[in-house]
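Structural characterization, general
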Amino acid sequence: MASFSQFGSDLYTGKRSYDIIGRRKTWYLIALIMIVISLATPWLRGGYQLGIEFTGGSEFTISDVESLDQSIATETVESVVSDELPRVSQLGTHGIRVQTGQLTDRQTTEVQDALAEAYDVPESQVAATFIGATWGADVLAQAIRGLVIFLALAAVFMTLYFRTWKMSLSAMAALLHDLLITAGVYGIVGLEVTPAAVIGFLTILGYSLYDTVVVFDKVRENTAQESIRTFKQSVNLAVNQTLVRSINTSVVALLPVAAILFIGSYVLGAGTLRDISLALFIGIIVGTYSTIFIASPMYAHLRESEPKIKASDAKKTQAAEKRRREVDAAAANA
């Protein structure tokens, strides 16, 4: 622990430093590759697997079953509705969930009876629910609207708080990076996107924005001070100074989320807990990366070409070269 504390202290004072800003092209390339994979893979697989809350459909929940064999449910549904490809999942240690497309009232009753017979449980232990396509489409539209409103408000907040649109643009690029990759993981793995997952997406955007604001606060503090450092060096120092804090915050946040993910998925079989915690788990990792390697380097990239900053950096570089020559001359004469 002491060595890690010393490591953080060295980063803060500048005794130890990683050239994060100077290697921005590497971070951009990594981000671009991840985004391309996140977009291309789900598209090649036929798109995202949306939950019935978005698409509409029927859901059957079978409780207190002795056998958790999911193939029984698949074969049973297909025997009643031949053209239907059901999605079957396990709920906890004694439950099965079956989702299908929209069924008629007669088909719903037949499937319900067939599932009860196949799993040898009373019909009262097979619950059936139905969600209309219109309601599902409305939920999807509201989710997209909520996301757009969040991004718009976040952009306005960042612009007003930091008094520069370039910080806002950098933060929005990082948020978009987080959203695309987190959603991409769902598409790549074939996980179902539910309203709970969307809530998780919005939550991790808030976490990522908070982390970015903390780093940008330090960036603003460093760049506002008169020093011998160039603008890029001041931004890089700010990122190094907040590096340990970002890592610690992420680890502390990941531990309870991982616990909820494990309990929700494998112990309770609670789909809502799993969907929210999985989105949070992925998003926290991706958000930490984007704060350090996307937002700050992009901000430095946008600002360093400004005439005032270029002139200041040129003078500081010349002064640094002069000091270096004086040191070398003094060493040679010694």
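Heads up: these notes are all about the structure in this document. Note that the coordinates shown come from a computational prediction; the quantities given were computed from them, not determined experimentally.

With that out of the way, let us pick up the overall build of the protein. A count of helical and extended segments in the protein gives 12 helices and 6 strands. The 334 residues of the protein split such that 43% are buried.

On the surface, a nonpolar cluster with roughly 450 Å² of combined accessible area is contributed by Leu29, Leu32, Ile33, Val36 and Ile37. With respect to the element layout, leucine 32 can be found in helix 2 (residues 24-44).

Our focus in this paragraph is the sheet that holds strand 2 (residues 57-63). Sheet strands line up and pair through hydrogen bonds in the backbone, either parallel or antiparallel. Overall, antiparallel pairing links the 4 strands, which are arranged 3-4-2-5 in an open sheet. What marks the edges here is a single partner per strand, and that holds for strand 3 (87-91) and strand 5 (126-131). This sheet shows a mean twist of 20° between the axes of neighbouring strands, independent of strand direction. Here 6 bridges tie strand 2 to strand 4 (residues 95-100), and the two strands are oriented antiparallel to one another. Considered in strand 4, the bridge of serine 58 is made with threonine 100.

The next subject is the side chain of arginine 303. Tracing the backbone through its elements, the reader meets arginine 303 in helix 11 (residues 271-303). Look at arginine 303 and you get buried, because its relative accessible area is 18%. Residues contacting arginine 303, with those up to four places away along its chain left out, are Lys166, Phe231 and Ile309.

Once that is clear, we can look at the packing of aromatic side chains. What the rule picks out here adds up to 6 aromatic pairs. Where phenylalanine 216 meets tyrosine 299, the ring centres are 5.7 Å apart and the plane angle is 45°; that geometry is what we call tilted. On the criterion of sequence distance, the pair formed by phenylalanine 216 in helix 8 (residues 195-224) and tyrosine 299 in helix 11 is long-range, its members being 83 residues apart. For the pair phenylalanine 216 and tyrosine 299, one class covers both residues: buried.

Criteria and thresholds
Residues numbered from 1 in each chain as written. Predicted model: local features only at pLDDT ≥ 70, side-chain atom pairs only at ≥ 80, totals over all residues. Heavy atoms only, no water. Helix = DSSP H or I, 4+ residues; strand = E, 2+ residues; numbered from the N terminus. Buried < 20%, exposed > 50% of the residue type's maximum accessible area, 1.4 Å probe, protein only. Patch = residues over 30% accessible without salt bridge, like charges linked within 9 Å, V, L, I, M, F, W, Y side chains within 5 Å. Areas by Shrake-Rupley, 256 points an atom, 1.4 Å probe, with all protein chains shown as cover. Salt bridge = Lys/Arg side-chain N within 4 Å of Asp/Glu carboxyl O. Pairing = 2+ DSSP bridges. Axes fitted to C-alpha atoms, helices over the stretch in contact; angles between N-to-C directions. Contact = heavy atoms within 4.5 Å. Phe/Tyr/Trp six-rings, centres within 6.5 Å; stacked < 30°, edge-to-face > 60°.

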